[in-house]
Amino acid sequence: MKAEEYLLVKAKIKRELDNISILESELHRYGLFPKITSDSIGKFSLDEPAACRIIGSILHDYYVAVENIFKAIARRIDGSLLDGEFWHKELLEQMTLEITGIRPPVITSKTFVFLDELRGFRHVFRHVYGFSLSHERIIELLKTLPEVSSLLKKDLDTFMKKAEEMLFNHS
């Protein structure tokens, strides 16, 4: 791993974490993060299709930010960005791996499980009609999002510390 590549990835991680904070703030304004304290968004009850579309869009964007981080790591540090039908899942799995001499794991297996749920939802959100979204599933994801967010941020912080140790102590 070259210092320049790592520093670019670190900057991209920071940008996407800032985007995640914006999304969390948006959910907070709706009374949906870190706890669900509202039963509606504006005039829409949380079980109405319009509310599901709004919340679904935010959850979709959240996973896009996560995936942008992982794509930057795969492209710039790992030197390979996957393709094919299952690349989203494979990219997520790749982030659990330690690549000896290249980088530490990016996320733990626990974080993987939570993010895989969000990845699956993102796929559904992109491929079904909005009126088909399950409000129960969306509420379930909202309830786990604070833990997902905490785990992800902790894992990324650990990853960056270990990557910097590898990079700057073994040059």
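Residues numbered from 1 in each chain as written. Predicted model: local features only at pLDDT ≥ 70, side-chain atom pairs only at ≥ 80, totals over all residues. Heavy atoms only, no water.

Student: Whenever I open this one, the packing of aromatic side chains confuses me. Can you help?
Tutor: Between two aromatic rings, the relevant description is the distance of the centres plus the angle of the planes. One pass over the full model with this rule turns up two aromatic pairs. An angle of 35° between the planes, with centres 6.0 Å apart, marks the rings of F121 and F125 as tilted. With F121 and F125 both in helix α4 (residues 109-127) and four residues apart, the pair spans about one turn of that helix. On the basis of relative accessibility, which here comes to 5%, the residue F121 falls in the buried class. Seen in terms of ring centroids, Y129 and F131 are 5.3 Å apart; in terms of plane orientation they differ by 5°. Their pairing is stacked. (Phe/Tyr/Trp six-rings, centres within 6.5 Å; stacked < 30°, edge-to-face > 60°. Helix = DSSP H or I, 4+ residues; strand = E, 2+ residues; numbered from the N terminus. Buried < 20%, exposed > 50% of the residue type's maximum accessible area, 1.4 Å probe, protein only.)

Student: Hey, could you run me through the side chain of D155 in this one?
Tutor: Along the chain, D155 falls in helix α5 (residues 135-169). Despite its burial, D155 pairs with no opposite charge, the nearest such side chain being K154 at 5.3 Å. Filtering out sequence-adjacent residues up to four positions away, D155 remains in contact with V106, I107, T108 and T111. (Lys, Arg positive; Asp, Glu negative; His and termini not counted. Salt bridge = Lys/Arg side-chain N within 4 Å of Asp/Glu carboxyl O. Contact = heavy atoms within 4.5 Å.)

Student: Is there a simple way to explain the layout of surface pockets in this structure?
Tutor: Any space left empty among the atoms is revealed by the rolling of a water-sized probe across them. The computed volume of the largest pocket comes to approximately 160 Å³. Along its surface, the largest pocket is lined by E85, F86, W87, H88, K89, R119, R122, H123, R126 and H127. Listing elements by their share of the lining of the largest pocket, those giving two or more residues are α3 (87-94) and α4. If one sorts the elements of the lining of the largest pocket by residue count, α4 sits on top with five residues. (1 Å grid on protein atoms, 1.4 Å probe; cavity = no way out; pocket = protein on both sides within 12 Å on 5 of 7 lines; lining within 4 Å. Points joined across faces, edges and corners; volume = space filled by probe spheres on them.)

Student: Where do I start with helix α2 (residues 49-78) in this structure?
Tutor: Three- or four-residue spacings in an α-helix give side chains the same orientation, since the helix completes a turn every 3.6 residues. The end-to-end C-alpha separation of α2 is 40 Å, in line with the 44 Å expected for 30 residues at 1.5 Å each. Just downstream of α2, G79 is the residue with a positive phi angle, here 80°. (Expected span 1.5 Å × (residues − 1).)

Student: What's the story with the environment of F112 in this structure? I'm lost.
Tutor: The topology assignment puts F112 in helix α4. Judged by relative accessible area, which is 16%, F112 ranks as buried. Sequence separation between F112 and L152 is 40 residues; the distance between their C-alpha atoms is 9.0 Å. Excluding its chain neighbours within four sequence positions, the residues that come into contact with F112 are K89, L92, E93, T96 and I107.

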